[in-house]
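# Structural overview for review
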Amino acid sequence: MKTLFIFFVLMNLDQLLKTGRCTETQDQILSITPKTQEQVDILKNVSTQYETALWQPVSPQYIKEENEVHLFVPANSSETVKDLLQKHAITHRVLLANTNELIEMQTRNDSTDPRSSSTFYERYHSLEDIYHWINRTQQDNPNMVKAILIGSSYEKRPLYVLKLSVNNRPNKKAMWIDCGIHAREWISHAFCLWFVQNSLSFYKLNQDITRILDNMDVYILPVMNPDGYQYTWTTNRMWRKNRSVSKSSNCIGVDLNRNFDANWCTEGASDEPCTEIYCGAFPESEPESQAVANFLRSHKDSVQFYLSIHSYSQMLLFPYSCTLDEAENHKDLLEMAQEAAQAIRRYYRNTYKYGSGAKTIYLAPGGSDDWAYNLGIKYSFTFELQDRGRYGFLLPPSLISRACNEALIAVKTIALKVIEKT
Ligand code: ARG
Ligand code: ZN
């Protein structure tokens, strides 16, 4: 009897060790708010010298006293990083301790699981799945959807834009939405799919969707950075940039949202290939940004509304990000963003900040929104979707529908305003 008891205890201990729930074997996200300049400097060091990934702010140069930092710390550097923080009396909070489970949850394909209640649009999809979805969407809706090849990525993957169009009115206006400029912002890709699905199913049923599609063609680029997206599925979930190889460095990738010709590579971007905000060798040096710029240049007479979808932090931003100067139609843009934020608050009780990019977050030159604005697309926005840091880039699939629906209402609010004004 006694030996049997000991046997059970040992067995359970063994199980505990295997699952590792009581040891720190997982990657973690830490929240740290530096209180002094010294702590700021140490944090900058940690985020550059150690194998960590800065989630917020986007680059170490923006770490400031009293500003919350979100840091992804892989299991193998967890002890070193925490020791270092402790040595300098920097307190931290573990924001997420179960990163590995969250990543697993995001990549699980439960379409074969009959118990799963979530639909296709409430899951994240691999690049291959998205290419299949583009094909199928076009085949199933031949009267409304056309896929247009606008170029290819650095690694030669196709860049497809879906054109939604319900009639051929003369002088028809258009809007543009791109998703996934930044690879790790998966809710962005999910939003583009959501938007297409919603438009196709509610045309002639929902009044707003009907008015929008009757008056505007919609161009949607669901994956602007396919190489980076693929890389987040296979190799590094935290990858942001594209995957182009630099001539001058071993570091890979250009920040596509610093690669456009809008005060290119001034303060807020970096000419150092190893940073997350590397601007590239010259404006539009990257095939992805060039394909988008070329397409918009050739459609600038019809496109009145430009929108780029990012995450996270819940913000509705408009030009300028590349200068502190006000845009010429600042008042209009502010009013539209404010109305959109109010709609989100009213329908979903959630808070989004709004304002010009440079004043609301930071100077960030070379962005697609500023470039499109200067091209003449006067209603130009960047949305930062959910959340505000609870899950960050690892937003669980169960939150996709809320995140997309609130963004959708903001898009509709602004699109209707654009139709009114133009
Ligand atoms: N988080 C985005 C980025 O850093 C903000 C984009 C705002 N617009 C801009 N042109 N920077 O790229
Ligand atoms: Zn982004």
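Further up the page is the structure itself.
Calculation notes
- The residue numbers shown here count from 1 along each chain, following its written sequence.
- Here every chain gets a letter starting at A, and every ligand a number starting at 1, in the order they are written.
- Selection of residues for local features in this predicted model requires a pLDDT of at least 70, selection of side-chain atom pairs for listing and counting requires 80 or more, and totals for whole chains, interfaces and linings are taken over all residues.
- Heavy atoms from the whole structure form the basis of all side-chain values; hydrogens and water molecules are not counted.
- The pairing criterion for strands is at least two bridges between them, as found by DSSP.
- Here a strand is any run of E in DSSP of at least two residues, a helix any run of H or I of at least four, and the numbering for each starts at the N terminus.
- In this description, a line fitted to the C-alpha atoms serves as the axis of each element, helices being fitted only across the stretch in contact, and the angle between N-to-C directions of two axes falls anywhere from 0 to 180 degrees.
- Metal-coordinating donors are taken as N, O and S atoms lying within 2.8 Å of the metal, or within 3.2 Å when the metal is Na, K or Ca; because water is left out, some sites can appear incomplete.
- Site shape is set this way: if four donors have all angles between 85 and 135 degrees, tetrahedral; if opposite donors are over 155 degrees apart and all others between 65 and 115, square planar for four donors and octahedral for six; otherwise irregular.
- Any residue under 20% of the maximum accessible area for its type is buried, any over 50% is exposed, and the rest in between are partly exposed; the area is computed with a 1.4 Å probe on protein chains only.
- A pairing counts as a salt bridge when a side-chain nitrogen of Lys or Arg comes within 4 Å of a carboxyl oxygen of Asp or Glu.
- In this description, contact between two residues means that some pair of their heavy atoms is separated by no more than 4.5 Å.
- Working definition: residue near molecule or strand if any one of its non-hydrogen atoms lies within 4 Å of it.
- Counted as a polar contact is a pair of N or O atoms within 3.5 Å, where, for protein atoms, one must be capable of donating a hydrogen and the other of accepting one, and residues adjacent in sequence contribute only when both atoms are in side chains.
- To measure how exposed things are, a 1.4 Å probe is used in the Shrake-Rupley method; for residues, cover is taken only from the protein chains shown.

The strand order across the open sheet formed by 4 strands is S2-S3-S1-S4, and the pairing between neighbours is antiparallel. In this open sheet, the two edge strands, each paired with only one partner strand, are strand S2 (53-56) and strand S4 (92-96). Recorded for the sheet is a direction-independent mean angle of 35° between the axes of neighbouring strands. As defined by bridge partners, S2 adjoins strand S3 (residues 69-73) across 3 bridges and the pair is classed as antiparallel. Within S3, the position partnered with leucine 54 by the bridge is leucine 71.

We now examine the coordination of the zinc ion (ligand 2). Within the protein, the atoms that donate to the zinc ion (ligand 2) are His182 (ND1), Glu185 (OE), Glu185 (OE) and His310 (ND1), at distances of 2.1 to 2.4 Å. Around the zinc ion (ligand 2), the 4 donor atoms sit at angles spanning 57 to 149°, and that spread fits a shape best called irregular. Read N to C, the donor residues that coordinate the zinc ion (ligand 2) are spaced as H-x2-E-x124-H. Given a relative accessible area of 3%, glutamate 185 falls into the buried group.

So, about the pattern of salt bridges. Taken as a whole and assessed by the stated rule, the structure comprises 14 salt bridges. Residue glutamate 406 pairs with arginine 402 through a salt bridge whose shortest N-O separation is 3.8 Å. Of this pair, glutamate 406 and arginine 402 are both found in helix H13 (residues 400-421), 4 residues apart, which corresponds to roughly one turn of the helix. Assessed through its relative accessible area of 0%, glutamate 406 is described here as buried. In this structure, a network of salt bridges that share partners links the residues Glu155, Arg157 and Asp227.

In this section: the side chain of lysine 417. Topologically, lysine 417 is positioned in helix H13. Once you skip the residues sitting within four places of it in the chain, lysine 417 turns out to touch Glu335, Met336 and Glu339.

The subject of this paragraph is the site of ligand 1. Neighbouring residues of ligand 1: 13 residues in total, closest Asn257, Arg258, Tyr362, Asp369 and Glu384. For ligand 1, a nitrogen atom lies 2.6 Å from a polar atom in the side chain of glutamate 384. For ligand 1, whose free accessible area comes to 330 Å², the fraction covered by protein is 96%.

Here we come to unusual backbone geometry. Peptide bonds are trans in most cases, and residues, glycine excluded, mostly fall at negative phi. The amide bond that connects serine 311 to the next residue, tyrosine 312, takes the cis arrangement and shows omega of -10°. Within the fold, tyrosine 312 resides in the loop between strand S9 (303-311) and strand S10 (315-318). Between proline 319 and tyrosine 320 the backbone carries a cis peptide bond, its omega angle lying at 0°. With respect to the helices, strands and loops of the structure, tyrosine 320 is situated in the loop between S10 and helix H10 (330-348). The backbone of lysine 156 shows a phi angle near 70°, a positive value even though the residue is not glycine. Residues other than glycine seldom take positive phi values, yet asparagine 263 does so here, at roughly 45°. Within the fold, asparagine 263 resides in the loop between helix H8 (226-234) and helix H9 (287-298).

None of the figures reported here should be taken as evidence of function without further support.
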